[in-house]
Amino acid sequence: MTAEYYPIITQDGSQTLYSTAFAQTFHSQQGAVSESRHVFVVGSGVAARLGRGQATRVLEVGFGSGLNFLLTADLALTHDAPLYYRGLERTLLPVSIAAALGYREALKHPELYDALMSYWAAPAGAFTYRSVTLVLLLGEATEQALGEAEADAIYQDAFSPTVNPELWSEAFLGKLTAALAPGGCLSTYSVSGAVRRRLAALGLTVAKRPGPPGGKREMLVACKSLGGAAPSING
Ligand SMILES: C[S@@+](CC[C@H](N)C(=O)[O-])C[C@H]1O[C@@H](n2cnc3c(N)ncnc32)[C@H](O)[C@@H]1O
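All values reported here derive from a predicted model rather than from experimental measurement.

## What about the sheet that holds strand β6 (residues 127–129)?
- Overall, mixed pairing links the eight strands, which are arranged β6-β7-β5-β4-β8-β9-β11-β10 in an open sheet. Bordering the open sheet on either side are β6 and β10 (205–210), each of which pairs with just one other strand. In this sheet, adjacent strand axes meet at a mean angle of 20° when their direction is disregarded.
- Bridge count for strand β9 (residues 180–188) against strand β11 (residues 218–223) is four bridges, and the pairing is antiparallel. The residue bridging T188 from the neighbouring strand is L220, located in β11.
- Here helix α1 (residues 32–42) sits on the sheet in contact with β8 (151–156), β9, β10 and β11, set at roughly 160° to β9.
- In this fold helix α6 (residues 170–179) packs onto β4 (56–61), β5 (83–89), β8 and β9, with an angle of close to 135° to the strand it touches most, β9.

If you want it as C-alpha cells, here you go:
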C-alpha cells in the first residue's frame, strides 16, 4: 500500500480508500457499496433502464476504485443489457490497490471482476466483457472532449466541491449537461447549494432525494427535460 491511499472498512462492511492528497475517502464511510448502489446505480435511473434490458450509456466523473462501474456492469450482466460505460479519471490506481478492496464479493458475476483486474494490470484499448464495454478517459477530466447528448446517465463522483472544485465548476458542469441525453439524469452524493444552483441554471430539473440507508440524509438528482422528470429512488 502506498502512502497516498489507505483502505478503510465502512459501516456496511465494504472497503473504501482514503486519499491523503484530497484528505477524503472515495465513498461514504457509512457504507461504500450501499452508497454506490443507492446514489449512482439506482439514483441515476440506470438500474431501472438495465432492469428493462435497455442499452445504457453511463459517463462517470472519477472512476477511482471502479466500484460504481463494477456494480453497474454486474447489473447489466444480470439483465443481459448492453452497457457502454466511460470513466473519467486522472490516473488509474495501481491494480494492487484496487484488487485489495475485495469488491469481488459484492458481485453476482465475480468473473466480471476477474476479467477487469486482468485488464487493469495492463490496460490497453477498451475493456469488454459480454454485454459490457468500458472506456477509460484518462487524464485531466476538464480537458476531455465530450460529445453532445451521448450519456443516458452521469455519475458525478468527484471528491467534494471544496477539495475538487474544478469538477464542480459552472464550466465543467456545463460540459456534463451538454453530454447528457434528453431524459437522462446526473446523480451525485453532494447536495451543496452552489452545485444545485449551477445545475438548475444549466436548465436541469434538480431534486433532492433521500440518501442511502444509514448514510447521508440526502443526495441529488438533476435531469434533462423531454421525459426527464427525476426518477423515484426505487428506480
Ligand atoms: C471520490 S473518487 C471516485 C470514486 C469512484 N467513483 C469509485 O467508485 O471508486 C474521485 C476520483 O476523481 C479523480 N479526480 C479528481 N480530480 C480529477 C480531475 N481533475 N480529473 C480527473 N480525475 C480526477 C480522483 O483521482 C479520484 O479517483
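## Remarks on the pairing of β8
- With six of six residues buried, β8 lies mostly within the body of the structure.
- Direction of pairing for β4 relative to β8: parallel, over a ladder of four bridges. Each bridged residue has a counterpart across the sheet, and for L59 the counterpart in β8 is I154.
- Sheet analysis places β8 next to β9, joined by five bridges and oriented parallel. Opposite A151, over in β9, you have L180 as the bridge partner.
- Chirality of the crossover, the property in question, places the unit of β8, α6 and β9 among those that are right-handed.

## Here's the deal with the packing of helix α3 (residues 67–78) against helix α5 (residues 110–121)
- Contact geometry for α3 and α5: axes closest at 10 Å, N-to-C directions at 130°. The orientation of α3 with respect to α5, classified from their angle, is oblique. α5 is crossed by α3, and the crossing has right-handed handedness. Residues F69, L70, A73, D74 and L77 of α3 form the contact with α5, whose own contacting residues are L112, Y113 and L116.
- Among the residues forming the contact of α3 with α5, the class breakdown is seven nonpolar, no polar and one charged.

## Observations concerning the site of the ligand
- In the vicinity of the ligand lie 21 residues, with G62, S65, E89, D157 and E166 positioned nearest.
- Within the side chain of S65, one N or O atom sits 2.5 Å away from an oxygen atom of the ligand.
- R90 places a polar main-chain atom, nitrogen or oxygen, 3.0 Å from a nitrogen atom of the ligand.
- Compared with its free state, where it exposes 610 Å², the ligand has 97% of that area covered by protein.
- In terms of residue class, the shell around the ligand is made up of seven nonpolar, eight polar and six charged.

## With respect to the state of the cysteines
- Overall, the coordinates contain one disulfide when judged by the stated rule.
- The disulfide bridge from C185 ends at C223, spanning 2.0 Å between sulfur atoms. On the sign convention where negative means left-handed, the S-S torsion of about 105° between C185 and C223 marks this disulfide as right-handed. You can see C185 sitting in strand β9 and its partner C223 sitting in strand β11, a full 38 residues away along the chain.
- C223 sits in the buried class, given a relative accessible area of 0%.

So, how was this worked out
Residues numbered from 1 in each chain as written. Predicted model: local features only at pLDDT ≥ 70, side-chain atom pairs only at ≥ 80, totals over all residues. Heavy atoms only, no water. Pairing = 2+ DSSP bridges. Helix = DSSP H or I, 4+ residues; strand = E, 2+ residues; numbered from the N terminus. Axes fitted to C-alpha atoms, helices over the stretch in contact; angles between N-to-C directions. Contact = heavy atoms within 4.5 Å. Buried < 20%, exposed > 50% of the residue type's maximum accessible area, 1.4 Å probe, protein only. Right-handed = clockwise from strand over helix to strand, strands pointing away. Parallel < 35°, antiparallel > 145°, perpendicular 65-115°, else oblique. Left-handed = near helix turned anticlockwise from the far one by under 90°. Nonpolar A, V, L, I, M, F, W, Y, C, P; charged D, E, K, R; others polar. Near = heavy atom within 4 Å. Polar contact = N/O pair within 3.5 Å; in protein donor to acceptor, adjacent residues only side chain to side chain. Areas by Shrake-Rupley, 256 points an atom, 1.4 Å probe, with all protein chains shown as cover. Disulfide = S-S within 2.5 Å.

So far we have only geometry, and geometry alone does not tell us how the molecule works.
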